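Analysis of the macromolecular model
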Amino acid sequence: SSQIYPIRLPREMRTRRALLICNIEFEHLSRRDGAEVDVEGMTKLLEGLGYVVDVHYNLTSQGMATVMKDFADRKEHWTSDSTFLVFMSHGVRAGLCGTKSRGETTDILSLDTIYKKFNNKYCQALLGKPKVIIIQSCRGGNVGSVMVSDSADPAMPTLSLARTVPAGLEDDAICEVHLESDFATLHSSTPDTVSWRSSVTGSLFIQRLIEQFRNHACNSDLQEIFRKVQYSFRKFSRQLPSQERTTMLRKFYLFPG
């Protein structure tokens, strides 16, 4: 169907790759105990879905940007059908905390940077292919509880995408495409709110995401799985995952047919 992202190569010929960045140790912020469990669980999940997972720990915002650029340049994306980009760290409204962050404004990776590194201008190997972004972090206030909060504090850039169509373009070996498309993003929480993590069992969001993928990836498209993750939080009023900046043009089935 034209409404479904194609997976043209058989599994043995595909070179699916995923990127996972997890910050656990910080110079000025608290240690994210339990995050190791999240990394182990997500790595096993993605490997089961057919991805080779590049895992990186404890990076500054510049380090994260460098790792993303290197990953975006990987030749394997040309013979892949999709990618997963997973980020786990302390967070503020403006983005993800690097290891030198003091909160709010220092050493922060803007979410815009993620989209820019993998948009259709800078990562043409993934043009027209699903780019799934999973973000486990707080996006605002620090709340005390039995569980541990991934937090720091606010100041978000406006996320916008404007596109104008130049008049008089002819189809002459020039193909105009959207600057940014085929992204699906699931944040662990809504803006300005915290995400919850157990120092023993890891993040609630990552636990429930893994559970829903394992149960439904065989027969549900990606955004339906995201909705199921959100629904699993219906009785936990302190946190609600959020789908944002999603530009998927088709349905993405990890196991089509």
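About the cut-offs
- Residues numbered from 1 in each chain as written.
- Predicted model: local features only at pLDDT ≥ 70, side-chain atom pairs only at ≥ 80, totals over all residues.
- Heavy atoms only, no water.
- Helix = DSSP H or I, 4+ residues; strand = E, 2+ residues; numbered from the N terminus.
- Contact = heavy atoms within 4.5 Å.
- Expected span 1.5 Å × (residues − 1).
- Buried < 20%, exposed > 50% of the residue type's maximum accessible area, 1.4 Å probe, protein only.
- Pairing = 2+ DSSP bridges.
- Axes fitted to C-alpha atoms, helices over the stretch in contact; angles between N-to-C directions.
- Right-handed = clockwise from strand over helix to strand, strands pointing away.
- Phe/Tyr/Trp six-rings, centres within 6.5 Å; stacked < 30°, edge-to-face > 60°.
- Lys NZ or Arg CZ within 6 Å of the ring centre and 35° of its normal.

As annotated in an unreviewed UniProt entry, the chain carries the name CASP1 protein and comes from Ciconia maguari.

**Description of the overall build of the chain**
Helices and strands together make up the secondary structure of the chain, namely 5 helices and 12 strands. For the chain, the proportion of contacts with a sequence separation of at least 24, taken over those separated by at least 6, is 77%.

**Things to note about helix α1 (residues 35-48)**
For α1, built from 14 residues, the straight-helix expectation of 20 Å at 1.5 Å per residue is met to within 8% by its first-to-last C-alpha distance of 20 Å. Buried within α1 are the following residues: Ala35, Asp38, Val39, Gly41, Met42, Thr43, Leu45 and Leu46. In this structure, the buried residues of α1 make contact with β1 (17-22), β2 (52-57), β3 (83-88), β10 (196-198), β11 (202-203) and α4 (204-216). Trailing α1 by a residue or two, Gly50 shows a phi angle of about 95°, which is positive.

**Some points on the sheet that holds strand β6 (residues 108-110)**
Pairing between the strands of a sheet comes from backbone hydrogen bonds, and it takes one of two forms, parallel or antiparallel. Taken in spatial order, the 3 strands make up an open sheet running β4-β5-β6, and their pairing is antiparallel. One side of each edge strand has no neighbouring strand; the edge strands of this open sheet are β4 (91-92) and β6. Both β4 and strand β5 (residues 95-97) contribute to a ladder of 2 bridges, which runs antiparallel. Bridge assignment links Gly91 to a residue of β5, and that residue is Leu96. Most of the contacts of helix α2 (residues 61-72) go to β6, to which it runs at about 40°, and overall it touches β5 and β6.

**Here we look at the pairing of β1**
Most of β1 sits inside the fold, with 6 of its 6 residues counted as buried. Burial along β1 is two-sided: Arg17, Leu19 and Ile21 facing one way and Ala18, Leu20 and Cys22 facing the other are all buried. Note that β1 and β2 share 6 bridges and pair parallel. The partner of Leu20 across the bridge, within β2, is Val55. Handedness of the crossover joining β1 and β2 through α1: right-handed.

**Description of the packing of aromatic side chains**
Counted by the stated rule, this structure contains 6 aromatic pairs. Ring-pair connections join several aromatic residues into one group, and the members of that group are Tyr51, Phe84 and Phe213. The residue whose ring lies beneath Lys131 is Phe183, and the NZ or CZ to ring-centre distance is 5.4 Å. Of note, Arg208 hangs over the ring of Phe233, and the distance from its end group to the ring centre comes to 4.5 Å.

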